[in-house]
Amino acid sequence: MKIDSSELRVTQHIRALAASAAVGMRLPSVRALMRDLGVSPVTVQLALDRLTREGVIETRPGHGTFVAPQPQEAATARADFSWQTAALGPARFSLRGLAGLMAPAPAGAVPLNKGYLPPALQAGTLLAAAGARALRRPGIWEPMPADGLAALRNWFAQEVFGAFQAQDVIICPGTQAAIATAFRALAAPGEPVLFESPTYTGGMAAAEVAGLQIVPVPVDERGVRPDILEDAFRRSGAKLFYCQPNHANPSGAVLADDRRDEVLAITRRYGAFLIEDDWAHDFHIDSAAPLPPLATRDRNGHVIYVRSLTKCAAPSLRIGAICARGPAFERLRQARLSDDFFVPGLLQETALQLVTATTWPKHLKTLRSALKDRRNALASAVLRHFGPDALPEALPGGLHLWVRLQDGVDEDELTRLAAAQNILASSGKHWFPAEPPAPYVRLSFAAIEPDQAEPAIATIRKLADQMLIAAA
């Protein structure tokens, strides 16, 4: 930006005064600078604003302008936080790679690690219109019901094939919050919770924050194995099982129909709750309708159902729902109320306006078509460069491919080397509750263009081969 000559002269004058003065020394007033330099108050204020942004000076309302501490001086007076190490004690949980997944991708990177839609696929235009309508609603800035807007709760209930009524639904600020609520409300610190293996890393992080002990239950291409699930319930005494029956993240597995009733029967037999995370409800890429959730087969309140709008709309539409019946609902309600009272009305009303608009089904149809093209491009590249053993099953939905790497490949090192070439992928180690049985990498197709798949996978294969050659 071009600076007026008078402003530049005043800026240089004040900068010189600050450089020759001690930290904390008061500088001349605006009136004095006007008099000494023959300039207007606006010019002086512009110069002061610029130097304040640069950190040369600091203003204290009612007292004047002072020389600000410079970085080297601030370093000599660095705060001592070492006492906190003893006060906090050992770390009780790990983010399990979540920080890397949520970090913004560098410009030009191929974001194979991102599980959110890119701007081109988000419902941005529809959200703008929905938000405008929401702002016109009366009482939008008033306190909301703790359970959420009645109309939005009713919409979620209708989406679950009649498994719940509106009175069974609690609106949450996204499903990560809903999952965390379920763990805190339905189990006490120190108690076990069963997890599919591999599983959603954010779910594991939420369980560890709640102080729960994770017990892994292996899955295969047909979902969780009922025989091992029953053994895990019997050995651990767990009363919670976190499960993704449809398009599980990261594996993409769909719980086979002949296993569904058996999994529910085992859950009932041990008097436990099954937390059903239906995160991919709208990502049924190869079918016209979503798979019915397990909740539709449950009559007695064993299934706690979680569903999101964030994934299929936009990352900052932090709206989800948790559904339950019986005393468990009240436990969940109390936990949500203690967290943040209610989800902001503007966010809820915007979500309601979005999903009840006539344009919403078209958005979802267009979205699934675009995701199909991206999935096919990425899957073809993986099969071409890694072979059929790397991706044995055609995944009918979701946002990710779960790729089996060659034995001997260190997936952490591989993803680090790929990131150095601006290709971002997620190490499979983050997605296992315990030791991985083999090396995997999770590759997401949501945020890439189809033509980015081939060169990115070719590079990853080349890096994997170089690692094996170096280790030989």
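Anyway, here's the lowdown on the structure attached to this text. In this text the structure is predicted, and so the values were computed from the model without any measurement.

What follows covers the overall build of the protein. A tally of helices and strands in the protein yields 18 helices and 15 strands. Dimensions of the protein, computed from the C-alpha atoms along their principal axes, are close to 90 × 65 × 50 Å. Buried residues in the protein amount to 49% of all 472 residues. Taking the intrachain contacts of the protein between residues at least 6 apart in sequence as the baseline, contacts between residues at least 24 apart amount to 75%. Here the protein has roughly 22300 Å² of accessible surface; of this, 56% comes from carbon and sulfur atoms.

So, about the sheet that holds strand E5 (residues 192-197). Read from one edge of the open sheet, 8 strands run E4-E11-E10-E9-E8-E5-E6-E7, paired in mixed fashion. Both edges of this open sheet fall to strand E4 (169-172) and strand E7 (223-224), since each of them pairs with a single strand only. One ladder, built from 4 bridges, connects strand E9 (residues 273-277) with strand E10 (residues 303-308); its direction is parallel. Considered in E10, the bridge of Ile275 is made with Ile304. Each of E4, E5, strand E8 (240-243), E9, E10 and strand E11 (320-323) touches helix H9 (residues 175-186); the most contacted strand, E10, lies at about 160 degrees to it. Contacts between helix H12 (residues 257-269) and the sheet are confined to strand E6 (213-220), E7, E8, E9 and E10, with E9 contributing the most and set at about 140 degrees to the helix.

Another point: the pairing of strand E1 (residues 57-60). As paired elements, E1 and strand E2 (residues 64-67) share 4 bridges and run antiparallel to each other. For Arg60, the partnering residue across the bridge sits in E2 and is Gly64.

Inspection of the secondary structure puts Arg375 in helix H16 (residues 360-386). Given a relative accessible area of 9%, Arg375 falls into the buried group. At 2.8 Å, the side chain of Arg375 forms a polar contact with the side chain of Asp286. When neighbours within four sequence positions are excluded, Arg375 is seen to be in contact with Ile285, Asp286, Leu395, Pro396, Gly397, Leu401 and Phe445.

Before going further, it helps to examine the sheet that holds strand E12 (residues 400-404). Taking strand neighbours across the sheet as the criterion, the 3 strands line up as E12-E15-E14 in an open arrangement whose pairing is antiparallel. Each having just a single partner strand, E12 and strand E14 (426-427) make up the two edges of the open sheet. As paired strands, E14 and strand E15 (residues 440-444) are joined by 2 bridges and run antiparallel to one another. Along E15, the bridge assignment pairs Ser427 with Val441.

Tallied over the entire structure, the rule returns 11 aromatic pairs. With a centroid separation of 5.8 Å and 45 degrees between ring planes, the pair formed by Phe183 and Phe195 is classed as tilted. Of the two residues, Phe183 is situated in helix H9 and Phe195 in strand E5; the sequence distance between them amounts to 12 residues. Residue Phe183 is classed as buried on the basis of its relative accessible area of 0%. Looking at Phe195, the relative accessible area reads 0%, which means it is buried. Joined through ring pairs, the aromatic side chains of Phe183, Phe195 and Tyr242 make up one cluster. The ring of Phe66 carries the charged tip of Arg60 above its face, separated from the ring centre by 4.0 Å. The cationic tip of Lys311 hangs over the ring face of Tyr116; the distance from NZ or CZ to the ring centre is 4.4 Å.

Criteria and thresholds
Residues numbered from 1 in each chain as written. Predicted model: local features only at pLDDT ≥ 70, side-chain atom pairs only at ≥ 80, totals over all residues. Heavy atoms only, no water. Helix = DSSP H or I, 4+ residues; strand = E, 2+ residues; numbered from the N terminus. Buried < 20%, exposed > 50% of the residue type's maximum accessible area, 1.4 Å probe, protein only. Contact = heavy atoms within 4.5 Å. Areas by Shrake-Rupley, 256 points an atom, 1.4 Å probe, with all protein chains shown as cover. Pairing = 2+ DSSP bridges. Axes fitted to C-alpha atoms, helices over the stretch in contact; angles between N-to-C directions. Polar contact = N/O pair within 3.5 Å; in protein donor to acceptor, adjacent residues only side chain to side chain. Phe/Tyr/Trp six-rings, centres within 6.5 Å; stacked < 30°, edge-to-face > 60°. Lys NZ or Arg CZ within 6 Å of the ring centre and 35° of its normal.

Functional significance is not addressed by these values, which are geometric in nature.
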